Amino acid sequence: MKRSHRPIALLMAGLLLLTSLTACDGKEESTTRPTATESTPVLPDEALVTSLLQADRFTITKTKVFTSGDAQEISVHIFTKNGNNISLNTTSQPDASDESEGTEYIDLANDRLFFQREPGGDWIVQSRHYELSDLLSDPDNRQWKGALKYDAASYGQYDAENGRYPLNPDVLSSALSLDSNIAVHGYMSCKDGVDTFSIFEDHGAYTLETVINVLFRADEVKLPDVETD
């Protein structure tokens, strides 16, 4: 972890990361998944998860905004896969003057995990086997929360004016294990090669907004240089 002092607005740059990645920057598309258009978006059924499992590279960014009165907390989780290298980056900002950031790396080819026990500490490498399917479905990675497990029956009629599919509130409540008195709504859209899932929860005393972006491109992932015996 490392501490820094940057405005909350900069933390929201995680949302802009995906739309700024283009093939001309050397981040090539890595899947044969059908390309969505504004008139015929591709629903996030099993085909999306299958494409992620087959893709050489992808970037998933999840941004959560917790708001209670005048207080606001933002967290950004970025799951990047490039070849056999994966980075899991988490940035959180509980207030406007404090920010923490941490990253773990996974080497799928050699069954290795890289992490730091304390902020700024030495990198530690452990032998650990990972399956990409487990990383994508594991709720502990805080990336999915069920959002990519929906099928076409989980959506309402396509909203052509706004270019998106509304999510069934009952499906959202069930996937998020919410009480029936908690209002929730969301939608999924496809634009410029980016699948976006937006979910808004109103808990009365606070609100929680979650945005997940999925893009089949990724920056290079360099594993930490760790000396081994």
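Undergrad: Is there a simple way to think about the overall build of the protein in this case?
TA: Each helix and strand counted, the protein has five helices and eleven strands in total. In the protein, buried positions account for 45% of the 229 residues. For the protein, the accessible surface area stands at approximately 12500 Å², while carbon and sulfur atoms represent 46% of it.

Undergrad: Just to check I follow, could you spell out unusual backbone geometry for this structure?
TA: Comment: phi is negative for the bulk of residues other than glycine, and the bulk of peptide bonds are trans. Even without a glycine there, the phi angle at Asp111 is positive, about 55 degrees. Here Asp111 falls in the partly exposed class, since its relative accessible area comes to 29%.

Undergrad: What's the story with the packing of aromatic side chains in this structure? I'm lost.
TA: Any pair of aromatic rings gets described here by the distance separating the centres and the angle formed by the planes. For the structure on display, the rule yields five aromatic pairs. Where Phe58 meets Phe79, the ring centres are 5.5 Å apart and the plane angle is 45 degrees; that geometry is what we call tilted. One end of the pair, Phe58, is in strand 2 (residues 57-68); the other, Phe79, is in strand 3 (residues 71-82), with 21 residues separating them in the sequence. Classification of Phe58 by relative accessible area gives buried; the value is 0%. Judged by centre distance (5.5 Å) and plane angle (65 degrees), the rings of Tyr105 and Trp123 are edge-to-face. Placement of Tyr105 in strand 5 (residues 98-107) and of Trp123 in strand 7 (residues 123-127) is noted, with a sequence separation of 18 residues between them.

Undergrad: What is the right way to read the environment of Leu108 from this model?
TA: Note that Leu108 resides in the loop between strand 5 and strand 6 (112-116). On the basis of relative accessible area, Leu108 is assigned to the buried category, the value being 16%. Sequence-wise, Leu108 and Leu132 are 24 residues apart; in three dimensions their C-alpha atoms are separated by 8.2 Å. Setting aside residues up to four positions removed in sequence, Leu108 forms contacts with Lys81, Asn84, Ile86 and Tyr130.

Undergrad: Even after reading the chapter, I still don't get the pattern of salt bridges, so can you show me in this structure?
TA: Should the charged atoms of two oppositely charged side chains come close, the side chains can pair. Taken as a whole and judged by the stated rule, the model has two salt bridges. With a shortest N-O distance of 3.0 Å, Arg57 and Asp56 are connected by a salt bridge. Across the pair Arg112 and Asp107 runs a salt bridge whose closest N-O atoms are separated by 2.9 Å. By relative accessible area, which is 28% here, Arg112 ends up partly exposed. For Asp107, a relative accessible area of 3% translates into the label buried.

Undergrad: I keep staring at the nonpolar core and nothing clicks. Help me out?
TA: If you look at soluble globular proteins, the nonpolar side chains tend to sit buried side by side. Of all hydrophobic cores here, the largest spans 31 residues; its most connected members are Phe58 and Phe79. Each residue touching Phe58, except ones within four places of it in the same chain, is listed here: Leu52, Phe79, Thr80, Lys81, Leu132, Leu136, Leu215, Phe216, Arg217 and Ala218.

Undergrad: What is the right way to read the side chain of Ser173 from this model?
TA: Turning to its location among the elements, Ser173 is positioned in helix 5 (residues 169-175). Exposure remark for Ser173: the relative accessible area of 19% places this residue in the buried category. Not counting residues within four places of it along the chain, the set of residues in contact with Ser173 comprises Leu178 and Val184.

The rules behind these values
Residues numbered from 1 in each chain as written. Predicted model: local features only at pLDDT ≥ 70, side-chain atom pairs only at ≥ 80, totals over all residues. Heavy atoms only, no water. Helix = DSSP H or I, 4+ residues; strand = E, 2+ residues; numbered from the N terminus. Buried < 20%, exposed > 50% of the residue type's maximum accessible area, 1.4 Å probe, protein only. Areas by Shrake-Rupley, 256 points an atom, 1.4 Å probe, with all protein chains shown as cover. Phe/Tyr/Trp six-rings, centres within 6.5 Å; stacked < 30°, edge-to-face > 60°. Contact = heavy atoms within 4.5 Å. Salt bridge = Lys/Arg side-chain N within 4 Å of Asp/Glu carboxyl O. Core = buried A, V, L, I, M, F, W, Y, C linked by side-chain atoms within 4.5 Å.

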